[in-house]
Protein chains: 2
Amino acid sequence: MNHQQALTKYIASFVAELIHAGVKDVVVSPGSRSTPIAMIMAEHPDLRLHIHVDERSAAFFALGMAKASRNPTVLLCTSGTAAANYFPAIAEANLSRVPLLVITADRPHELRDVGAPQAMDQVNLYGKHVKWFIEMSHPEGSKEMLRYARTVAGRAVATALSSPAGPVHLNFPLREPLVPDLTSENIFIMPEREKGYVHIEQGRLALNENQLRSIANELNEHKNGLIVCGEIDHPTFANAITMLAAKLQYPIIADPLSQLRSGNHEFVHIIESYDTFLRNDDAVSHLAPDVIIRFGAMPISKAFSLFMKKNEQVPQFVVDGGEGWRDPSLLTTNMVYCDEVEFCESLLPLLKENQDTLFLEKWQQMNEITKAALFRVKENESLSESRLFYELVELLPDGATLFVGNSMPIRDVDTFFFNNQKSIRIMANRGANGIDGVISSALGAGTVHKPMYLVLGDLTFFHDLNGLIASKLYHIDLSVIVLNNNGGGIFSFLPQASHPQHFERLFGTPLDLDFEPAVSMYGGTFSRVSTWMELTSSFEQTLAKEGLSVIEVPTKRDENLQEHRNLWDYVSREISRNLRGES
Amino acid sequence: MNHQQALTKYIASFVAELIHAGVKDVVVSPGSRSTPIAMIMAEHPDLRLHIHVDERSAAFFALGMAKASRNPTVLLCTSGTAAANYFPAIAEANLSRVPLLVITADRPHELRDVGAPQAMDQVNLYGKHVKWFIEMSHPEGSKEMLRYARTVAGRAVATALSSPAGPVHLNFPLREPLVPDLTSENIFIMPEREKGYVHIEQGRLALNENQLRSIANELNEHKNGLIVCGEIDHPTFANAITMLAAKLQYPIIADPLSQLRSGNHEFVHIIESYDTFLRNDDAVSHLAPDVIIRFGAMPISKAFSLFMKKNEQVPQFVVDGGEGWRDPSLLTTNMVYCDEVEFCESLLPLLKENQDTLFLEKWQQMNEITKAALFRVKENESLSESRLFYELVELLPDGATLFVGNSMPIRDVDTFFFNNQKSIRIMANRGANGIDGVISSALGAGTVHKPMYLVLGDLTFFHDLNGLIASKLYHIDLSVIVLNNNGGGIFSFLPQASHPQHFERLFGTPLDLDFEPAVSMYGGTFSRVSTWMELTSSFEQTLAKEGLSVIEVPTKRDENLQEHRNLWDYVSREISRNLRGES
């Protein structure tokens, strides 16, 4: 077997096994060193290839796809800084537990650290930000090395998927000539094991009877418990948690990324306007729990996080099937490493029905008062960020997926997007909360979910403008709302806003960009709306449209701050009035 | 001293000492965690702040600035993926020996690895791709800790600058409240040492008399030596190396990034058309050297690299003041760790005048034949990439700096940009040869050098489109020539070009973008030229223009390949004819 045949057989075995293990999509950035992998992947009939020139966008595109499909997406790039461009999305995938398989082509050993072109140290390139790194062997065609290639492929997929899911990095040293031999037939087949070389059965974490009983005993003693659900991505979680809540009669604090605010599950325990009412001190005292059980990431709400700190004496269970330590307030009393759905289901028979619903009713009542008061946001005839997020539930069609930009939009979704029985999935990059790669993440998710919506600010839109090209090249449908307040709106809410001498330059950072030409360059339609009527009508038009539609909503940072403050003040007064028994 | 005062004093001491150590520019990307550093930097009268929202572009902007000024540029960003976006430019800076000071803000220890928002592991974030990493202490206001902050600042600058120059990473854990106290006066002053806390004297590597004499003895024995200069950035190198060549009568292979093809030094030994004539086997045999002395990075030319491999038996000295191992062909016999200018200057008195100039004349003659034959490129009336690079010397004004994109443009500069007595500096990102960040690098360099030109392909232009915003926000003058062959032109020159089944999809990767709207969004002027006349006239117009001018030269990948091949075939025939003594 010559070099070219060995190269071909080795890479083909690896690729074939990826597909046996469940991989369906690969995002390829063009390059020379990665030639054999790219060409062999293109040969496989069961692999969808997406080509993306900008590796930073490519990696976020893959992230969005993997997050939406819950299946590992493969990334492939050439050697050098191409691979470094993946880093932001890899860090995000690692923190937000998204399965990615990152394949980088590299120079062979004799061309490393000797000034060869387009070569840099790629061994452990992403440090601790990947779950597993493997430096592949040089391609060889022996039966043993083909088994090795297949075993690594199977393990890599399983490792990316096992809880906590995350990125895996495989670095391939490749020698010239790089063009594979695609003339021989059946390069992907291993005759003795046609259904794949190795299958990996992944168990899930479960507590034993004693562990469960001890937790159940403690919960049975508490009538005023609180269930808290941050970002979690588990298809059957909504049912499991609502059944648990029904037995315990605990209210559920439901972060928008818990996916509990939309759907056809039971809503009676679900509380979603806490980000507003927990800003009121009277409410905070009124609603003190005697136990907390948390699932998923920390909720987005700062008001909720302060509420937890005020209840630091309360036992706090944190259930994490990914065995992390998601507790920035350091308030955990019991860390529970158990699959979240498994936990709910096995605990349920051990719990007594809580007959005391007073605490639940307090939370429900507060939630109702708050939502009624927040209705006032609709009285604002002009366009405002707060009203937009309030109305999103109405605007979005059933079955929509909404990707939300970081900084203000995700906080506004938290504050204003309320329970509904539509089937709406909310997504965001909340691993590291970056403003990078959001367009690409939404487009990647848009290859899986339709219809797909994205709402984000102008700086976030600018940061990943390049990402829009995927919509053009792959005809991905995406409707985007850009809240253009010409700069970093969130900083107006932070203490530096009261230090005007450097504020606008360092934090406001207006870009003064008219995005219309860029959107049209990428084949999208663009409309800038200035009234609520225009917004709703533009929004309705996007429902019928294919491809990329961008609606720009111009807002003002100072007005936005004032609107939020006025609204919170108003609601707070309503709450206090109500708690004092006034009508 | 309260938290805020300690924070202020600590950061101000650090910043003040950076400036004492020579820092003049900082590129800031907006964020919350970095607030105290950004605000204190903005307070310092001697620091120029450049704000850049996209951290990937920001880092390349800083790289271009540092490369042009030979002075460390500071980068500042907030925590999270912001810092990961710096990675491509950091890897490039590390390989191309450019001094950068990367400052990342981080959560304090109690908020690390506990799911806090916008937090990720930033300790050793860039792995081996920085020269030095330091995890700073929490800010403290004691005299000892202010000394610590100042010492780190001084060391960081000196480390970034010492040979080989490169990036240094400082990670700052910062606790809330983050707003510094700017009300107190003289936060930057340390009364007892007003001129800076610590000064670092950096020596340069020099050989001792015995080492020099032994090298001189060997060179004195060789009449047919070859000096090879790849990328090198040393202000007095041109004079030192041409004096060495004059004594040894060795021809100098001058890569465009050696800066030896332009200037007012002696040109008699400088050979620059070797990338063409070394493609001819007769020339290769005719020009075999008996010793090689190399300086700087490996030259760009593949033909030259193959020539070296054909002369593997020849002693090869590699002089590297940065103590690297820049020898991808693994042909070095003597690695010489000595400052390059120091080496030339101290060796000179020990060398005998070489009286035998026959070898030099062979190279000179071959160079003349080749350049005369390449003159034919001008006969092509239509626009072609080869003719454009051939004419660049004429088009560029004296004093211009030309930044060159990777992939084909830098190779075409190598092939077609010939000796001239203008003062033209040629720059490129040849550390890892990436197509990323090239616009930003040129704009960063454009803050130092004027007039500034950039020539690059369409994929490279697309990759860093976001970078254009710096031209808009900071009114940086830049004239850009985009060679738009709608895809990856270099792949047509590689073996995969003969495998049409996946070629256009995986390697050609046409984007079908009209860049005009994007350029106008960033406030630039755009012209698409289709004749040589239009190109020269557009080029002349840019001379008078301020701000951003983009000239798009549409070309065809297949025609470009054919033109290059025809030209090389023609020149090769001319060379062989000449060597056979035909007239």
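Predicted, not measured: the structure shown is a model, and the values here were computed from it. (Residues numbered from 1 in each chain as written. Chains lettered and ligands numbered in written order. Predicted model: local features only at pLDDT ≥ 70, side-chain atom pairs only at ≥ 80, totals over all residues. Heavy atoms only, no water.)

Some thoughts on the overall build of chain A
Thinking step 1. Broken down by element type, chain A carries 22 helices and 18 strands.
Thinking step 2. Compactness check: chain A gives a C-alpha radius of gyration of 26 Å against a globular reference of 25 Å for 583 residues, within 12% of the reference.
Thinking step 3. The principal-axis extents of the C-alpha atoms in chain A amount to approximately 90 × 65 × 45 Å.
Thinking step 4. Burial status across chain A gives 66% buried among its 583 residues. (Helix = DSSP H or I, 4+ residues; strand = E, 2+ residues; numbered from the N terminus. Rg over C-alpha atoms; globule rule 2.2 N^0.38 Å. Buried < 20%, exposed > 50% of the residue type's maximum accessible area, 1.4 Å probe, protein only.)

As for the relation of the copies chain A and chain B
Thinking step 1. Of the transformation placing chain A onto chain B, the axial shift is 0.0 Å and the rotation is 180°, giving an RMSD of 0.0 Å. The relationship between the two copies is best expressed as a two-fold rotation axis.
Thinking step 2. Residue by residue, 100% of the interface of chain A is reproduced at the interface of chain B, so both copies engage with the same surface. (Least-squares fit on C-alpha atoms with pLDDT ≥ 70 in both. Contact = heavy atoms within 4.5 Å.)

Observations regarding a nonpolar patch on the surface
Thinking step 1. Taken together, the side chains of Leu205(B), Trp325(B), Leu330(B) and Tyr337(B) make up a nonpolar region of the molecular surface, amounting to roughly 350 Å² of accessible area.
Thinking step 2. Within the secondary structure, Trp325(B) is located in the loop between β11 (316–319) and β12 (334–336). (Patch = residues over 30% accessible without salt bridge, like charges linked within 9 Å, V, L, I, M, F, W, Y side chains within 5 Å. Areas by Shrake-Rupley, 256 points an atom, 1.4 Å probe, with all protein chains shown as cover. Salt bridge = Lys/Arg side-chain N within 4 Å of Asp/Glu carboxyl O.)

Considering the nonpolar core
Thinking step 1. Counting residues in each nonpolar core, the largest one holds 122 residues, and the members touching the most others are Phe461(A) and Phe461(B).
Thinking step 2. In contact with Phe461(B), not counting residues within four places along its chain, are Ile439(B), Leu456(B), Leu468(B), Val480(B), Val482(B), Phe515(B), Val519(B) and Val550(B). (Core = buried A, V, L, I, M, F, W, Y, C linked by side-chain atoms within 4.5 Å.)

Here we look at the packing of aromatic side chains
Residues and elements named next belong to chain A.
Thinking step 1. Applying the stated criterion across every chain yields a total of 33 aromatic pairs over all chains.
Thinking step 2. The interplanar angle of 35° and the centroid separation of 6.0 Å between the aromatic rings of Phe304 and Phe307 together place this pair among those described as tilted. Taken as a pair, Phe304 and Phe307 lie in helix α11 (residues 302–310) at a separation of 3 residues, close to a single helical turn.
Thinking step 3. Given the relative accessible area of 0%, Phe304 is considered buried. (Phe/Tyr/Trp six-rings, centres within 6.5 Å; stacked < 30°, edge-to-face > 60°.)

Describing the sheet that holds strand β6 (residues 167–173) of chain A
Residues and elements named next belong to chain A.
Thinking step 1. Strand order in the open sheet made by the 6 strands is β2-β1-β3-β4-β6-β5, with parallel pairing throughout. In this open sheet, the two edge strands, each paired with only one partner strand, are β2 (48–51) and β5 (132–135). Strand-to-strand, the axes of this sheet are offset by a mean angle of 20°, without reference to chain direction.
Thinking step 2. Alignment of β5 against β6, held across 4 bridges, turns out to be parallel. Residue pairing across strands places Phe133 opposite His169, the latter belonging to β6. (Pairing = 2+ DSSP bridges. Axes fitted to C-alpha atoms, helices over the stretch in contact; angles between N-to-C directions.)

Let's talk about the UniProt feature "domain: Thiamine pyrophosphate enzyme N-terminal TPP-binding" (unreviewed entry) in chain A
Thinking step 1. Under the local residue numbering, the UniProt record ascribes the feature "domain: Thiamine pyrophosphate enzyme N-terminal TPP-binding" (unreviewed entry) to residues 14–124 of chain A.
Thinking step 2. Across residues 14–124 of chain A one finds 41% helix and 18% strand; the C-alpha atoms that close the span lie 20 Å apart. (UniProt positions renumbered as here; feature names shortened; annotations may be inferred.)

Looking at the state of the cysteines
Thinking step 1. Under the defined criterion, the tally for this structure stands at 0 disulfides over all chains.
Thinking step 2. Here Cys229(B) is not cross-linked by a disulfide; its sulfur's nearest cysteine counterpart is in Cys344(B), at 7.8 Å. (Disulfide = S-S within 2.5 Å.)

So, unusual backbone geometry
Thinking step 1. The omega torsion of the bond from Glu176(A) to Pro177(A) falls at -5°, within 30 degrees of zero and hence cis.
Thinking step 2. With respect to the helices and strands, the residue Pro177(A) is situated in the loop between β6 and α7 (209–220).
Thinking step 3. Put simply, Lys450(B) and Pro451(B) share a cis peptide bond, and its omega is -10°.
Thinking step 4. Inspection of the secondary structure assignment puts Pro451(B) in the loop between α16 (438–446) and β15 (452–457).
Thinking step 5. Here the phi dihedral of Asp113(A) falls at roughly 55°; this positive angle occurs in a residue that is not glycine.
Thinking step 6. As for its placement among the helices and strands, Asp113(A) is situated in the loop between β4 (100–106) and β5.
Thinking step 7. In this structure Asp113(A) comes out as exposed when scored by relative accessible area, which is 74%.

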